[in-house]
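# Fold and geometry: a report
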Amino acid sequence: MTTAIWQLSEAELLAESAAVSHQIQLLEARRIALVAEIDTRVSREKLGFPGPAGWLTSTTLLTPSKANKIVALARGLKNFPDIAEAIDTGSITVDHAALILTFAETPPKNLPPAGQDMARKAMITAATGPEARTDRIREAITNLNDRFGGKKPPPEDTDRNELFASKTLNGRLVLKGDFDAITGEKLLTALSPLTEPRPAADGTQDDRSPARRRADAFGHILDQYLASSDRPIEGGERPHLNLHISLRDLTDLRDSADVDDIADDENTRAADESDDDGHPATDRGAYRDLFGDGTTVGWLPWMGPLSRNTSRQLACDCLLTAIVMDENGSPINLARTARTVTAKQKKALIARDHTCAFPGCGKPAAWTEAHHIRHWADGGPTDMNNLVLLCGFHHRLLHHSDWEVFIGVDNHPWFVPPATVDPYRQPRPSHARAGPHIA
């Protein structure tokens, strides 16, 4: 019987914490080995995804970035048994192994093979034990890149350029970039005139921090780009900002003059959902929209839910394309006799499906295409109840496997897995409809 934590002595607390940490490292190593075997043996048709990363994300609580790191390790460690042994024995962490593996797979151009082996072993040693420090490994990698990275000095090496854009759990976007000197100069030159402090009309000092001024300037540059006419085409049209909003909510927002009106609206809604004696309602119906779009007014195809206030701001100054939705949040049918999907139909599909509709995928709408559930060649019409948004991989999967898709009574797509994936072939809701739902 496991001793309750509060009953452990101080020494036992310390010992068990260290032991559990070691067990976690060993379990992480085991997971990497399992994923490596899945990557080798399990077909993409049975996974339902192009590789194990998508499957991991859809079946576990792992984020896409964590799942991708696990798959990268699973594939890369096959070529470097010394790193694999260190992680299998729990000598180094997954993060340190990933850092060393990245160096091993892309060593400096002029570092000879013998030097690569020596450097890798030194890094493994530096990552082993309680004195392991990430900074020491990064410093060694930087020094080796500076000395053996090629004829171009680091400021001029465009091969090092990287830009990461990560959506956070609270709906924000974090950027991290590493640019050569020329690209950096272009960026700073573009930002410079827009980052100067700008006092208000009455002379009040601009109290924005330099970081805030740079962020505002970056947003201004994006506005100018999206307003230009020479943008590249994506999905059949130039990139632009899309806001999905119901007609009822749009009317409410435009009729509301200020924040107090929103507060009144929320109070009215709360009153409507209260019992006769004034107490908050406790029935399940009061929470029906908790996990749906009912908690927010707007929806951005890339970033997701948007608050009422910001939705009002966008709705007051934009071009509108009307997509009439039913009570289930599905566009009312837009029929067409031609094979290809119209621009308005594509907008309606995005409003309904949000992303690639395949369960667990969620590729951005800009990367999807419309799939005929009943094929056009078989007489399937090009209308909303015969279309679903799918990324390229899942579009091909639906055509060349036993996966099936149909539009349910809620007017949203449902997917039926083959018996090799689920012997009971239980229908699964589309990606945007997955998750907790309170009846």
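Since this is a predicted model, take the numbers as computed values, not measurements. Numbering of residues starts from 1 in every chain and runs along the sequence as written. Selection of residues for local features in this predicted model requires a pLDDT of at least 70, selection of side-chain atom pairs for listing and counting requires 80 or more, and totals for whole chains, interfaces and linings are taken over all residues. In computing side-chain properties, one takes all heavy atoms of the structure into account and sets aside hydrogens as well as water.

### Let's talk about the sheet that holds strand S9 (residues 428–429)
At least two DSSP bridges between two strands are needed for those strands to be called paired. Under the scheme used here, helices are H or I runs from DSSP no shorter than 4 residues and strands are E runs no shorter than 2 residues, and both carry numbers assigned from the N terminus. With antiparallel pairing, the 3 strands of this open sheet are ordered in space as S7-S8-S9. Of all strands in the sheet, those with a lone pairing partner are strand S7 (404–407) and S9, marking the two edges. Bridging between strand S8 (residues 413–416) and S9 involves 2 bridges; their strand directions are antiparallel. The residue bridging Phe 415 from the neighbouring strand is Arg 428, located in S9.

### Concerning the pattern of salt bridges
Should a side-chain nitrogen of Lys or Arg be within 4 Å of a carboxyl oxygen of Asp or Glu, the pair is scored as a salt bridge. In the structure shown here, the tally under the stated rule is 14 salt bridges. Between Asp 95 and Lys 69 there is a salt bridge, with the nearest N and O atoms lying 3.1 Å from each other. On the criterion of sequence distance, the pair formed by Asp 95 in helix H6 (residues 94–105) and Lys 69 in helix H4 (residues 64–76) is long-range, its members being 26 residues apart. The residue Arg 352 makes a salt bridge to Asp 353 at a minimum N-O spacing of 2.7 Å. In terms of burial, Arg 352 and Asp 353 fall into one category: buried. Residues joined in a network through salt bridges with shared partners are Asp 206, Arg 208, Arg 212 and Asp 216. Exposure is judged per residue with a 1.4 Å probe applied to protein chains only, and the accessible area is read against the type maximum: over 50% gives exposed, under 20% gives buried, and values in between give partly exposed.

### Description of helix H8 (residues 134–148)
Any helix carries an expected span of 1.5 Å times its number of residues minus one. With 15 residues, H8 ought to run about 21 Å at 1.5 Å a step, and its terminal C-alpha atoms sit 21 Å apart, in line with that. Turning to H8, its buried residues number three or more, namely Ile 137, Ile 141 and Leu 144. Along the axis of H8, the buried residues cluster in a sector spanning 65°; they form a single face. Seen from the open side of H8, the exposed residues pointing more than 90 degrees away from its buried face are Asp 135, Glu 139 and Arg 147. Comment: arc refers to directions from the helix axis out to C-beta atoms.

### Some thoughts on the pairing of strand S5 (residues 368–372)
Every other side chain in a regular strand lies on the same face of the sheet, so the side chains alternate between the two faces. Of all 5 residues in S5, 4 are buried, a share of seventy percent or more. With 5 bridges connecting them, S5 and strand S6 (residues 387–391) associate as antiparallel partners. What sits directly across from His 372, in S6, is Leu 387.

### Here's the deal with the confidence of the model for the chain
Averaged over every residue, the pLDDT of the chain is 80; the share at 70 or more is 76%. Within the chain, the lowest mean pLDDT, 42, falls on helix H12 (residues 259–272), and the highest, 95, falls on S8. Counting interchain partners and residues more than four positions distant, the pLDDT-below-50 stretch residues 257–295 has 34 contacts. pLDDT measures the predictor's confidence residue by residue and takes values from 0 up to 100. In what follows, residue pairs with any heavy atoms lying within 4.5 Å of each other are defined as contacts.

### Description of helix H7 (residues 113–126)
Taking 1.5 Å per residue, 14 residues should reach 20 Å; H7 reaches 20 Å between its end C-alpha atoms and fits that length. Where H7 is buried, its residues contact helix H5 (81–88), H6 and H8.

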